[in-house]
Amino acid sequence: MTVVSPCAPGGLRVVGLDGMRGLAALYVVVHHCWLLTFPGYPANTGPGWLGWLTHGRLAVVAFIVLSGFSLAISPARDGWRLGGALRFARRRARRILPPYWAALAVSLMIASAVPSLPLSAPPTVRSVAVYGLLMQDFLAAPAPNGAFWSIAVEAGLYLVFPFLLLLRRRAGATAMLAAVTVPVMLIGLLRPEVSTTDKTTGYALELAPLFTLGVLAAGIVTARDRIRRLPWCRLAALAAAPVLLLMAVQGSVWTVRHYYWVDLAAGPAIAMLLAAVATRRPAGLVRLLDSGPLRALGGCSFSLYLIHLPIVALISRRIVAPHAGPGLPAFWVTLALAVPICLVAARMFAAAFETPSAGSLTRWRRSDGSAKPAQVSGSERAVNIPHHQAGRDRHS
């Protein structure tokens with residue numbers, strides 16, 4: 001794929017986004033290695049210096065914002081026009097459903113064969129129907145793979161994406177952000193139990209402002225030079241500092257119970273970081289994110305997210321637990337085995353189920369003359385990874 005200037009008209013790829021996807025996906029894998037080694041979540045029962053692995057939920061924030069940003073780049077360059085809601089839906093279905101359904105089939109088989117595996121449950125007729133139809137954010141059902149809850153969240157956000165673009169085009173950026181964020185904040189204030197109680201469904205509503213922030217940040221690709229020259233990376237660091245300080249002072253238990261508000265507070269920092277990467281500043285960070293290994297990792301990040309959890313759970317429970325001592329020894333062995341196995345499996349899975357679907361999408365787009373083949377990947381690829389675990393573990 002040709003690398004184009006991040007703000008060049010007609011170009012879709014923003015240099016560095018694949019690297020961000022890859023790093024976030026890898027973080028989720030390591031987080032799950034930690035989660036299955038040290039019991040007691042949301043308390044950090046491992047060493048204090050591993051406490052940064054407690055908050056896998058922050059990857060959820062990053063991926064949701066990045067999803068909105070990636071999908072909105074092309075419309076932002078076309079006057080915030082989508083080019084047809086049905087066409088957009090077909091592209092999303094071709095991109096997401098083949099690997100998701102393949103991973104669902106594998107997860108169902110593993111959950112049936114190993115019913116005691118953590119973060120999954122033996123399949124039922126209800127779970128097969130609910131997860132097969134991507135209804136798990138609306139209907140509760142036993143999860144064959146605890147990571148799959150977020151795919152339904154993404155699907156729900158895809159439904160509102162055309163309306164967000166319409167608001168952005170007709171009423172402006174502030175009105176679009178307010179239309180989504182104000183109701184979510186009011187619900188959290190008027191019904192505190194919604195923002196502090198564990199749940200299994202309904203995450204699309206509370207994560208919608210993050211997705212909208214990503215759409216808003218995509219405007220950087222056509223912004224005036226005065227806006228693009230702002231120190232976006234420094235602004236992102238300033239926005240993130242109070243959130244990280246609050247999390248450190250209050251501790252993991254408090255943070256997990258208040259993710260509803262922590263997410264909203266962290267979202268602007270992620271959006272500004274994306275603006276920094278899109279304007280290629282700082283150059284050193286962008287070069288790192290666009291390095292070959294990170295681009296390759298980002299290229300299979302969706303597959304890595306889809307299939308990593310059963311692999312980590314099998315290694316943790318069936319291989320490591322019977323032979324390694326508890327605590328740090330088990331964590332290091334799990335990490336050493338799970339990470340390379342997950343990476344290799346993800347590359348193979350992507351080659352089998354993602355690349356063919358991307359190829360068919362390219363051919364379909366060629367047939368209607370609407371885009372060049374090089375535009376299929378890169379920033380148009382939505383980020384449908386790391387949200388994880390069912391029930392309480394979804395917050396981790």
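No experiment lies behind these values; they were computed from the predicted model shown.

### Looking at the overall build of the chain
Here is step 1 of the chain: What the chain contains, in helices and strands, is 16 helices and zero strands.
Here is step 2 of the chain: For the chain, with 396 residues in total, the buried portion stands at 54%.
Here is step 3 of the chain: Contacts spanning at least 24 positions in sequence make up 80% of the contacts within the chain whose residues lie at least 6 apart.

### Re the environment of W80
Here is step 1 of the chain: Tracing the sequence through the fold places W80 in the loop between α2 (57-76) and α3 (85-113).
Here is step 2 of the chain: Residue classification places W80 among the buried positions, given a relative accessible area of 8%.
Here is step 3 of the chain: When residues no more than four places from it in sequence are discounted, the contact partners of W80 are A72, P75, L165, R168, R169, V215, A218 and G219.

### So, the nonpolar core
Across soluble globular proteins, nonpolar side chains have a tendency to be buried as a group.
Here is step 1 of the chain: Grouped together as the largest cluster of nonpolar side chains are 111 residues, with contacts concentrated most on L17, F69, F161, V215, L306 and F331.
Here is step 2 of the chain: Sorting elements by how many residues they give to this core places α2 first, with 12 residues.
Here is step 3 of the chain: The residues contacting F69, other than those within four sequence positions of it, are V14, L17, G214, V215, A217, A218, I220, L274 and A278.

### What about the confidence of the model for the chain?
Segments scoring low in pLDDT should not have their predicted coordinates read at a detailed level.
Here is step 1 of the chain: Residues with a pLDDT of 70 or more make up 86% of the chain, whose mean pLDDT is 87.
Here is step 2 of the chain: Low confidence marks residues 360-393, where pLDDT is under 50. Its contacts with residues over four positions away, or in another chain, come to 121 contacts.

### Here's the deal with the environment of P209
Here is step 1 of the chain: Position of P209 relative to the elements: it lies in helix α8 (residues 203-217).
Here is step 2 of the chain: In sequence terms P209 and L264 are 55 residues apart; their C-alpha atoms lie 7.3 Å from each other.
Here is step 3 of the chain: Contact partners of P209, with chain neighbours within four places excluded, come to L177, V180, T181, V184 and L264.

### Considerations on the pattern of salt bridges
Here is step 1 of the chain: What the rule picks out here adds up to eight salt bridges.
Here is step 2 of the chain: Put simply, R57 and D263 hold a salt bridge, and the shortest N to O gap is 2.6 Å. Here the residue R57 occupies a position in helix α2, and D263 occupies one in helix α12 (residues 259-278), the gap between them amounting to 206 residues. Across this residue pair, the class does not change: R57 and D263 are buried.
Here is step 3 of the chain: A salt bridge links K199 to E206, with the shortest nitrogen-to-oxygen separation between them at 2.6 Å.
Here is step 4 of the chain: We classify E206 as buried; its relative accessible area is 6%.
Here is step 5 of the chain: Three or more residues joined by partner-sharing salt bridges are found here, namely R57, K199, E206 and D263.

### Points about the side chain of T37
Here is step 1 of the chain: Note that T37 resides in the loop between α1 (17-35) and α2.
Here is step 2 of the chain: Within the structure, the side chain of T37 is placed 2.7 Å from the backbone oxygen of C33, a separation counted as a polar contact.
Here is step 3 of the chain: Aside from chain neighbours lying at most four places away, what touches T37 is G327, A330, F331 and T334.

### Overview of helix α5 (residues 149-170)
Here is step 1 of the chain: Its 22 residues give α5 an end-to-end C-alpha distance of 33 Å, which sits within 8% of 32 Å, the value for a rise of 1.5 Å per residue.
Here is step 2 of the chain: Residue V160 marks the point of greatest curvature in α5, where the axis turns by about 35°; the proline P162 follows within four residues.
Here is step 3 of the chain: Taken together, the buried positions of α5 are occupied by W149, S150, I151, A152, V153, E154, G156, L157, Y158, F161, L164 and L165.
Here is step 4 of the chain: Elements in contact with the buried residues of α5: α2, α3, α6 (173-190), α8 and α15 (301-320).

### Focus: the packing of α1 against α2
Helix-helix packing is described using two parameters, namely the angle between the two axes and the distance between the axes.
Here is step 1 of the chain: Two elements in contact, α1 and α2, have axes separated by 11 Å at closest approach and are oriented at 155°. One element, α1, and the other, α2, form an angle in the roughly antiparallel class. Read as a crossing pair, α1 and α2 show a hand that is left-handed. Between α1, through L17, M20, R21, A24, A25, Y27 and V28, and α2, the contact on the second element is made entirely by A59, F63, L66, F69, S70 and I73.
Here is step 2 of the chain: Across the contact of α1 with α2, the residue classes break down as 11 nonpolar, one polar and one charged.

Calculation rules
In this convention, every chain numbers its residues from 1, walking through the sequence in written order. Only residues with pLDDT of 70 or above have their local features reported here, since the model is predicted, and side-chain atom pairs are shown and tallied only from 80 upward, although totals for entire chains, interfaces and linings are computed over all residues. Water and hydrogen atoms play no part in the side-chain values, which are based on all heavy atoms of the structure. Put simply, DSSP marks the helices as runs of H or I at least four residues long and the strands as runs of E at least two long, and each gets a number from the N terminus on. Relative accessibility under 20% of the residue-type maximum defines a buried residue, over 50% an exposed one, and the middle range a partly exposed one, all with a 1.4 Å probe and only protein chains included. In what follows, residue pairs with any heavy atoms lying within 4.5 Å of each other are defined as contacts. By nonpolar core is meant a set of buried Ala, Val, Leu, Ile, Met, Phe, Trp, Tyr and Cys residues that side-chain atoms within 4.5 Å join together. Confidence per residue, as judged by the predictor, is encoded in pLDDT with a range of 0 to 100. Salt bridges, as used here, are contacts in which a Lys or Arg side-chain nitrogen is within 4 Å of a carboxyl oxygen on Asp or Glu. Polar contacts here mean pairs of N or O atoms no more than 3.5 Å apart (in protein, one a potential hydrogen donor and the other a potential acceptor; neighbouring residues in sequence count only if both atoms are side-chain atoms). A helix's residues, less one, multiplied by 1.5 Å, set its expected span. Here the bend at a residue is taken as the angle between two axes, fitted respectively to the seven residues that end there and the seven that start there. Every angle, taken between N-to-C directions, lies between 0 and 180 degrees, and every axis is a line fitted to C-alpha atoms, over only the stretch in contact when it is a helix. Angles are sorted into four bins: roughly parallel if under 35 degrees, roughly antiparallel if over 145, roughly perpendicular if 65 to 115, and oblique for all others. The hand of a helix crossing depends on one turn: near helix anticlockwise from the far one by less than a right angle means left-handed, and clockwise means right-handed. Under the convention adopted here, Pro, Cys and the residues Ala, Val, Leu, Ile, Met, Phe, Trp and Tyr are nonpolar, Asp, Glu, Lys and Arg are charged, and Gly plus all remaining residues are polar.

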